[in-house]
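The residues making up each chain are set out below.
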Amino acid sequence: MFFGRKREVVAGRVPPNQRVTTGWPVLHTGGIPAYTKDLSNWDLRIYGQVEEEMYLSFEELLNLPQYIAGNDIHCVTGWSKLDNEWKGIQTLQIAKLAGVKPEAQFVILHAEEGWSTNLPLADFLRDTSLLAHSHNGDWLTPEHGYPLRAVIPHLYFWKSAKWVRAIEFTVQNKPGFWERNGYHMYGRPWKEERFSWD
Ligand SMILES: Nc1nc2c(c(=O)[nH]1)N[C@H]1C(S)=C(S)[C@@H](COP(=O)(O)O)O[C@H]1N2
Ligand SMILES: [Mo]
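Calculation criteria
Residues numbered from 1 in each chain as written. Chains lettered and ligands numbered in written order. Predicted model: local features only at pLDDT ≥ 70, side-chain atom pairs only at ≥ 80, totals over all residues. Heavy atoms only, no water. Helix = DSSP H or I, 4+ residues; strand = E, 2+ residues; numbered from the N terminus. Rg over C-alpha atoms; globule rule 2.2 N^0.38 Å. Areas by Shrake-Rupley, 256 points an atom, 1.4 Å probe, with all protein chains shown as cover. Lys, Arg positive; Asp, Glu negative; His and termini not counted. Charge placed at Lys NZ, Arg CZ, Asp CG, Glu CD. UniProt positions renumbered as here; feature names shortened; annotations may be inferred. Pairing = 2+ DSSP bridges. Axes fitted to C-alpha atoms, helices over the stretch in contact; angles between N-to-C directions. Contact = heavy atoms within 4.5 Å.

**Student:** Before we move on, can you summarise the overall build of the chain with the specific residues and values?
**Tutor:** Of the regular secondary structure elements, the chain holds five helices and eleven strands. In terms of overall size, the chain behaves like a compact globule, its C-alpha atoms giving a radius of gyration of 17 Å where 198 residues would be expected to give roughly 16 Å. Dimensions along the principal axes, computed over C-alpha positions, put the chain at roughly 55 × 40 × 30 Å. Total accessible area on the chain is roughly 10100 Å²; 53% of this is exposed by carbon and sulfur atoms. Both charge centroids of the chain, one from 21 positive and one from 23 negative side chains, sit 7 Å from each other.

Dropping the structure here:
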């Protein structure tokens, strides 16, 4: 009966037309940034509709309250990876620190090489959204986003920008890289919002 129960539990966690994978595929466009262990030249810029624009160093991020999240991720290409454990900083903390202006409605996550993705502010502010530096107890590997990536588990995984370098709060929604190339502006896996025409 354990098998039956387990299947049921997993079934309730996997959105339509997704398959569970036990590996961890690597998906991105462009190159993998060659960061070293020394992150003294790295920073995270917070700007746009905020009271205080700022540049946070990696050390400053590690000195903010650290948050551990367990979640499932769902890639629009059809794989889901269950039971991830991430460690990092809640995006909510970043918003509090910078003071988001009432005009802000959307967030653009900017990564290396000009890659970006967009999401509504309310989704960025969910207490399950984070900026992660570690996965399952280890620092992120270069191909998965070292030193810092977004994890927005309730949206398709393309919204979880790897190698994130800036967070922009905006009045208007602006399509990011994949959103300009046919992907959905919102991207909720349970609604199968895969493409712009879905
Ligand atoms: N900077 C950047 N982040 C990115 C992407 C990208 O091309 N560039 N691809 C997205 C897509 S489409 C997916 S499915 C996930 C894949 O993350 P992973 O390689 O850690 O599985 O990263 C997302 N974040
Ligand atoms: Mo993806």
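**Student:** Lay out the UniProt feature "domain: Oxidoreductase molybdopterin-binding" (unreviewed entry) in the chain with the relevant residues and their values.
**Tutor:** In this numbering, the UniProt entry assigns the feature "domain: Oxidoreductase molybdopterin-binding" (unreviewed entry) to residues 37-178. With 14% helix and 42% strand, residues 37-178 has end C-alpha atoms that lie 30 Å from one another.

**Student:** I'd love a proper account of the sheet that holds strand β6 (residues 106-111), names of residues and values included.
**Tutor:** The strand order β3-β2-β11-β6-β7 describes an open sheet built from five strands, whose pairing is mixed. Sheet topology places β3 (54-57) and β7 (116-120) at the edges, where each strand pairs with a single neighbour. On average, adjacent strands in this sheet sit at an angle of 20 degrees to one another, irrespective of strand direction. Of the strand pairs in this sheet, β6 and β7 are connected by five bridges, and their pairing is antiparallel. Paired with Ile108 across the two strands is Asn118, which belongs to β7. Contacts from helix α3 (residues 91-98) reach β2 (43-48), β3 and β11 (164-170), with the element oriented near 135 degrees to β3.

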